[in-house]
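Secondary and tertiary structure notes
As a plain string of letters, each chain reads:
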Amino acid sequence: MFIIHLGFSGFPKGNASVQRVRLHFKGLKAAGMAPLIINKISHHAKNTEKRVNRSGGIPYVNTPYLLYKPDSFITRNINKVSGYFGELLFFIKKRKKISIAILYSNYFLELPYYWLLSKIFGFKIVIQYVEFFSAIPGRSSFFTKMNDSFLDQQFPRYCDGVIAISDFLVRHVNQKAPLLPCIKLPAVCDFNEFDNVEPFRISDSETYLMYCGSIYYLEVIEMIISTFELLKKNEQYNGKLILVVSGDHKENREKLHSYLKHSPCETDVILKHDIAYKDLLSLYKGAAALLIPLRDTVQDNARFPHKIGEYTASRRPIVSTNTGELKHYFTDGISALLADEYSLNSYAEKIGETIHSQTTLDEIGLKGNAIGMANFNYLQQGIALKEFLLKL
C-alpha cells in the first residue's frame, strides 16, 4: 500500500517545502513503508525527467503532459491543467493501492478537492500544517485573506489527521478539533548528508557569519546586514557576511542590491543564490556562526524554519531570538546564541560577546548538534510518522 504525497510539486529538487516532503518520505521508506511522490506541475528543465522516476530510492510520478516547464504562458497553464487530469488517471489506476495521502499545500481549494477524491477512492488525508497562514504579512488581497482564513479555520473538515510543525499549531489544531489526530514534527534533516563535506574557507585567517533564507524575508535580511554594520562599526567583528538568498521576487532582489550598494560594508558582504546543495552544506560547516533572526510575531512563533535542522547538522552555533519554538529546544549560551529581543543592539551584543572565542563557538555548535540529532533527524521522525499513520 502506498503513502503518497499530494500538493507541492518539484520533487526531488526545490525549496524548504520540497525538502520537508523529501525527508519525511525518506524517513517513511527507512521505516519500512512504501512512499510515492506525485508531481502534478512541471518545474524541471527540458529533457531531464521521465514520467516515472526515482530519487534516493523514492519513486515519483510526473503527471503533466509535458514533463518540463514550458516557456509560453498559455502552454504552461494548459500543462498545469493536464497535470490534474494525469493525477486523476493515476488515482483511477492505483485506486486499490493508495492507503494514505499526505497533502502539503497552501491553496484552500485543494483541501475540498482532494477530500472528495479521498472519499471516492477510499484513502485517508493527512495535511502538513507548517504556517499560521492568517498571520503572514503582506497578503492583503481579498482572495489571499479568504484563502488563508479557510486554511486556518476550516482544515478539520477536510482531513483525517494533521502533521503540525510547532506547539503553536498543535494548540490551534486541538482548539479547532480536539478529537482530530495530530502529531508534532518540527524541522527535519538528514544528518548523514553533512558527512564528507569539507567546510568552506574564505582564507586561513578570515571568518564569516552566514544567513540562508528566502528573498521574501527582505526585512530580516536587511536587519542582518544592519547588525553586521553595527558589529563592524563597534570593531567587534572583522570578518565577512555571506548571504545565501533564494527566490525569484524581482522587486525584493532589486531592493536588496540597492540596500547593499549604499552599505558601508558592501565589500564585506558576499551574496549567493542558486548554489548546489553540497556547496550550501560546505558554507554552513565553515561559518563562525549561523544567523536565523526570528521576530516575536504570530507568524514566527507558529513556524519552524527548515534551515534550523540543517544549521544543527553543521555543528556550528545558531544565532536567533529566545522566542517561539527555539526556546523549547535551545538554551542561550549553552546550545545556541539567543538574543533577548529582535533588535540590532540585542543581536550585535549577543554575537560580539562570543564571536572571538572559537572554543565556546565549537562547544555551542556541538551541543546544538546533539539537540538536532535527538529532535530533527529524519530517521526518528520517520518512525514516529509511521506509527501515527498506522493508527489512522
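Thresholds, definitions, all that
Each residue is numbered by its place in its chain's sequence as written, counting from 1. Reporting of local features is limited, given that this is a predicted model, to residues whose pLDDT is at least 70; pairs of side-chain atoms are given and counted only at 80 or more, and all residues count toward the totals for whole chains, interfaces and linings. The side-chain quantities take in all heavy atoms of the structure and omit both hydrogens and water. Any two rings among Phe, Tyr and Trp, with Trp reduced to its six-membered ring, count as a pair given centres within 6.5 Å; such a pair is stacked if its planes are under 30 degrees apart, edge-to-face if over 60, and tilted if neither. Put simply, DSSP marks the helices as runs of H or I at least four residues long and the strands as runs of E at least two long, and each gets a number from the N terminus on. Only protein chains enter the accessibility calculation, which uses a 1.4 Å probe. A residue is then buried if its area is under 20% of the maximum for its type, exposed if over 50%, and partly exposed in between. In this analysis the probe radius is 1.4 Å and the grid spacing 1 Å, with only protein atoms considered; a cavity is a set of points the probe fits into but cannot get out of, a pocket is an open set with protein on both sides within 12 Å along at least five of seven lines, and lining residues have an atom within 4 Å of a point. Grid points are joined across faces, edges and corners, and a volume is the space filled by probe spheres set on the points. In this classification, Asp, Glu, Lys and Arg are treated as charged, Ala, Val, Leu, Ile, Met, Phe, Trp, Tyr, Cys and Pro as nonpolar, and every other residue, Gly included, as polar. Two strands are said to pair when DSSP picks up at least two bridges between them. Here the term right-handed applies to a crossover when the path leading from its first strand over the helix to its second strand runs clockwise, the strands being oriented away from the viewer. Under this scheme, a helix contributes an axis fitted over its contacting stretch, all axes are lines through C-alpha atoms, and angles between N-to-C directions fall in the 0 to 180 degree range. For this analysis, residues touch if any pair of their heavy atoms sits within 4.5 Å.

What follows deals with the packing of aromatic side chains. On inspection of all chains with the given rule, the structure shows 22 aromatic pairs. Between Phe108 and Phe143 the ring centres are 5.9 Å apart and the planes differ by 40°, which places this aromatic pair in the tilted class. Highlighted residues: Phe108 in the loop between β5 (98–104) and α3 (110–121) and Phe143 in helix α4 (residues 142–154), separated in sequence by 35 residues. Looking at Phe108, the relative accessible area reads 10%, which means it is buried.

A complete count under the given rule lists four cavities of 30 Å³ or more for this structure. One number sums up the size of the largest cavity: a volume of about 70 Å³. Ranked by the residues each element gives to the lining of the largest cavity, the list is headed by strand β6 (residues 124–129), at three residues. Of the residues in the lining of the largest cavity, the class split is seven nonpolar, two polar and no charged. Estimated volume of the second largest cavity: approximately 50 Å³. Leu209, Met223, Ile224, Thr227, Phe228, Leu231, Leu291, Tyr347 and Ile351 together form the lining of the second largest cavity. Counting residues per element, the ones that place at least two in the lining of the second largest cavity are α6 (218–233) and α12 (344–352). Residue classes in the lining of the second largest cavity are distributed as eight nonpolar, one polar and no charged.

A separate point is the pairing of strand β1 (residues 2–7). Among the six residues of β1, five are classified as buried, and the element is accordingly described as predominantly covered. Across four bridges, the pairing between β1 and strand β2 (residues 34–39) is parallel. Bridge pairing in β2 links Phe2 to Ala34. This β-α-β element, β1 to helix α1 (residues 16–30) to β2, shows right-handed connectivity. Sheet topology note: the β1/β5 ladder contains six bridges and is parallel. Its bridge partner lying in β5, His5 is registered against Ile102.

Within the open sheet, the six strands sit side by side as β11-β10-β9-β12-β13-β14. Their pairing is parallel. Both outer strands of the open sheet, β11 (269–272) and β14 (337–339), are each paired with one neighbouring strand and no more. The mean inter-strand angle of the sheet, taken between neighbouring strand axes irrespective of direction, is 25°. One ladder, built from three bridges, connects strand β13 (residues 318–321) with β14; its direction is parallel. The partner of Ser320 across the bridge, within β14, is Leu338. Each of β10 (240–246) and β11 touches helix α7 (residues 250–261); the most contacted strand, β11, lies at about 165° to it. The strands touched by helix α8 (residues 277–286) within the sheet are β9 (208–214), β10, β11 and β12 (289–291), with β9 carrying the most contacts at an inclination of about 140°.

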